[in-house]
Amino acid sequence: MLSAYGGGEVGATMTWEDEMMSLVDDAWFRYPDAMGEAAAAASSEERDAMDRSDRTSASEFHETSKEEVVVLSETLRDQVGGFLRATGELVAELSRGCWDIMLQSLAAAQHTFVGKKMKGKCVSASRKLGFLNAFLPEDRDPTQAWPVVICVFSLSLMVNTFPKPDGYEVGGKLLWLQLAVLIVSSGNAFRSQPQKKLYVSPPSASRIQLPDGRYIAYHEQGVAAKDARFSVMVPHSFLSSRFAGIPGISTSLLEEYGVRLITYDLPGFGESDPHPGRNLTSSALDMHQVANALGVVDKFWVVGLSSGGLHAWAALRYIPDQIAGAAMFAPIVNPYDSSMNKAERRRTWENWTSKRRLMFILARRFSSLLPYFYRRSFLSGRLGQPEKWLSLSLGEKDKSLLEEPKLSEFWVKNVAESVRQGESKPFVEEAVLQVSNWGFTLADLQVQKQPERKCFLPWLRSLYQKPELKRTGFLGPIHIWQGMDDNVVPPSMIVFIKRMVPAATIHKLPNEGHFSYFWFCDVCHRQIFSTLFGVSKGPLGNVSKAENSEGYNEELTSDTNAEKERLEEVTLD
């Protein structure tokens, strides 16, 4: 048989087994052949050694693979974190770039035709919406808080559109609550500066019990009851207390004029018990009962500042026989009074800030929303400024006055006492009383009636002569001081008051604001007392002593003259 590898030469012949082995010489299986048992045994040992080596290599491979997998997973986490960080930096850079492009576009758009047309409208809209910043707490940055408020408000609207389970109520109050929670929990990032807490001192007021069982806290200044030439009752204004009275009044001036000054906490304010059904009638009755309980037997003067004038008007209407006179300083009137004409109402409303107008509207229509705003301001337990809490627009003179240390100390003490009970109800009641139906108009205080003409001759005479008018109601003096730069109670209200109460004496104060004339001004207080009480005569006790001294001197002089006459008679004899 010719070999296939011999090139035609005759060589050793190969069996078919050898040819198969030449094709698979790398395989570990060997067929037994003529090499004998020794070769087969050697091949078997080699195969066992190779198997053991392969198993060892396989186990090492598996252990190494596990370590590589662990290392690979940690590396993947780092890679993902690095990718996210890089993506965040990229987005931040992209946002800054877009912001710069937008600013440049807006700056360039201002000079275009459309930009010039829209600029005025945008500025006007921004000015009108600027009052919304007043609704944020004082420790929040508007530029950071409002975007979050808008986002959460939008999300709340989306959530409220989803189907709700039975018994789940969604309404306007839920949205307000969500906004409140947002502002409360918005974090320290929105805090502009840390604020001081409002310190409320321990209870220390003198209190009297009224016939209905309620207790009223009061405060006295000036002379004692037995020496009082004039008794003055002062109901305080909104966000105030019995500590207000006449702010900064000196004891020496009160004694010089013999004035006993009595101030008291309105129901629910300070240390006074709340009234379950408070109105202007009960307010006048409380004043009358407090005066009686404190031993005021004669008629007394009533003083009203700002919204405290509300209770002074009520006293003139419901207890006129107990009032000797009234002194008011920028007294408020009902801005919804039907007796106001359009011009008076327009001039009154246009002087107020947008938030103050909103507060009046809420008090008139939606008083249940007022506690939310009160708890975000003066009921929050933090200190604040009057113009911020009361939504006031103050003039320069008022602002400079409020920056004085003595007035700041007085303001903190007065407000802390006002909010002592921490309840919003008395403040809501006070706000509602200002804008609700009073039950009377200012024209009812002094009514002019024409006498009846029962005979023909007086009736005929009245056709050619001006009829005699007879006033009824409160007939005592009414003095009103009004700062002409006052934006809290605008001078237009005084025009309305003068039209409704012609007998009132108006004292116009040029260049004076809401607080500047009445608060901490010794010269002003002396002018006021001189206008109300005339020449100072001191307390009644001093007059009695002076009269006794004068009588003793007259008696001594008469005795001396009698003795001289007796001696002259003896000399002549």
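Quick caveat, the model's predicted, so the values are computed rather than measured. (Residues numbered from 1 in each chain as written. Predicted model: local features only at pLDDT ≥ 70, side-chain atom pairs only at ≥ 80, totals over all residues. Heavy atoms only, no water.)

Draft legend 1. Local environment of the pattern of salt bridges. Counted by the stated rule, this structure contains 15 salt bridges. Residue Asp 212 pairs with Arg 214 through a salt bridge whose shortest N-O separation is 2.7 Å. Judged by relative accessible area, which is 7%, Arg 214 ranks as buried. Through salt bridges with shared partners, one network takes in Arg 242, Asp 265, Glu 271, Glu 417 and Arg 420. (Salt bridge = Lys/Arg side-chain N within 4 Å of Asp/Glu carboxyl O. Buried < 20%, exposed > 50% of the residue type's maximum accessible area, 1.4 Å probe, protein only.)

Draft legend 2. Examining the nonpolar core more closely. Of all hydrophobic cores here, the largest spans 106 residues; its most connected members are Trp 313, Leu 316, Leu 442 and Phe 529. When residues of this core are assigned to their parent elements, the largest contribution, six residues, is made by helix α8 (residues 309-318). Among residues more than four places away in sequence, those in contact with Trp 313 are Met 328, Pro 331, Ile 332, Val 333, Trp 438, Phe 440, Leu 442, Leu 445, Ile 480 and Ile 497. (Core = buried A, V, L, I, M, F, W, Y, C linked by side-chain atoms within 4.5 Å. Helix = DSSP H or I, 4+ residues; strand = E, 2+ residues; numbered from the N terminus. Contact = heavy atoms within 4.5 Å.)

Draft legend 3. Structural context of the sheet that holds strand β9 (residues 478-483). Strands sit in the order β1-β2-β4-β3-β5-β6-β9-β10 across an open sheet of eight strands; the sheet is mixed. In this open sheet, the two strands that pair with only one neighbour each are β1 (206-209) and β10 (505-509). Mean inter-strand twist for the sheet, computed between neighbouring axes without regard to direction, equals 25°. Pairing of strand β6 (residues 323-329) with β9, which is carried by four bridges, proceeds in the parallel orientation. (Pairing = 2+ DSSP bridges. Axes fitted to C-alpha atoms, helices over the stretch in contact; angles between N-to-C directions.)

Draft legend 4. Structural view of helix α14 (residues 405-418). For α14, which comprises 14 residues, the first-to-last C-alpha distance of 20 Å matches the rise-based estimate of 20 Å (1.5 Å per residue) to within 8%. Within α14, the full set of buried residues consists of Leu 407, Phe 410, Trp 411, Asn 414, Val 415, Ala 416, Glu 417 and Ser 418. Those residues of α14 that are buried are in contact with α12 (386-389), α13 (396-402) and α15 (425-435). (Expected span 1.5 Å × (residues − 1).)

Draft legend 5. How the structure looks around the state of the cysteines. Taken as a whole and judged by the stated rule, the model has one disulfide. The disulfide that involves Cys 521 links it to Cys 524, with 2.2 Å between the sulfurs. As the torsion about the S-S bond is roughly 60°, the Cys 521-Cys 524 disulfide counts as right-handed. Per residue, the accessibility class of Cys 521 equals that of Cys 524, and both read buried. (Disulfide = S-S within 2.5 Å.)

Draft legend 6. Broad picture of a nonpolar patch on the surface. Judged by side-chain polarity, Leu 76, Val 80, Phe 83 and Leu 84 come together as a nonpolar surface patch covering roughly 420 Å² of accessible area. Mapped onto the elements of the fold, Leu 84 is located in helix α2 (residues 37-109). By relative accessible area, which is 54% here, Leu 84 ends up exposed. (Patch = residues over 30% accessible without salt bridge, like charges linked within 9 Å, V, L, I, M, F, W, Y side chains within 5 Å. Areas by Shrake-Rupley, 256 points an atom, 1.4 Å probe, with all protein chains shown as cover.)

Draft legend 7. The arrangement of the environment of Ser 204 in detail. The topology assignment puts Ser 204 in the loop between α5 (172-184) and β1. Residue Ser 204 is classed as exposed on the basis of its relative accessible area, which comes to 60%. Linking Ser 204 and Glu 271, residues 67 residues apart in sequence, is a C-alpha distance of 8.7 Å.

Draft legend 8. Quick look at the pairing of strand β4 (residues 259-264). Extensive coverage of β4 is indicated by the burial of six of its six residues. Of the two faces of β4, the one holding Val 259, Leu 261 and Thr 263 and the one holding Arg 260, Ile 262 and Tyr 264 are both buried throughout. Pairing geometry for strand β3 (residues 230-235) and β4, over six bridges, is parallel. Along β4, the bridge assignment pairs Pro 235 with Tyr 264. Taken together, β3, helix α6 (residues 251-257) and β4 form a β-α-β motif whose crossover is right-handed. (Right-handed = clockwise from strand over helix to strand, strands pointing away.)

Draft legend 9. Broad picture of unusual backbone geometry. The residue Ser 306 is not glycine, and still its phi comes out positive at about 55°. Locating Ser 306 in the fold gives a position in the loop between β5 (300-305) and α8. Phi at Phe 520 is positive, roughly 50°, even though this residue is not glycine. With respect to the helices, strands and loops of the structure, Phe 520 is situated in the loop between β10 and α18 (522-533). Overall, Phe 520 belongs to the partly exposed group, its relative accessible area being 21%.

Draft legend 10. Structural detail: the packing of aromatic side chains. Inspection of the entire model under this criterion finds 24 aromatic pairs. Considering the side-chain rings of Phe 230 and Phe 533, the 4.2 Å spacing of their centres and the 20° angle between planes classify their relative orientation as stacked. Of this pair, Phe 230 sits in strand β3 while Phe 533 sits in helix α18, placing them 303 residues apart in sequence. Overall, the relative accessible area of 10% leaves Phe 533 in the buried class. Seen in terms of ring centroids, Phe 329 and Phe 518 are 4.2 Å apart; in terms of plane orientation they differ by 35°. Their pairing is tilted. Of the two residues, Phe 329 is situated in strand β6 and Phe 518 in the loop between β10 and α18; the sequence distance between them amounts to 189 residues. A relative accessible area of 4% means that Phe 329 is categorised as buried. Overall, the relative accessible area of 2% leaves Phe 518 in the buried class. (Phe/Tyr/Trp six-rings, centres within 6.5 Å; stacked < 30°, edge-to-face > 60°.)

Honestly, it's all geometry; don't read function into it.
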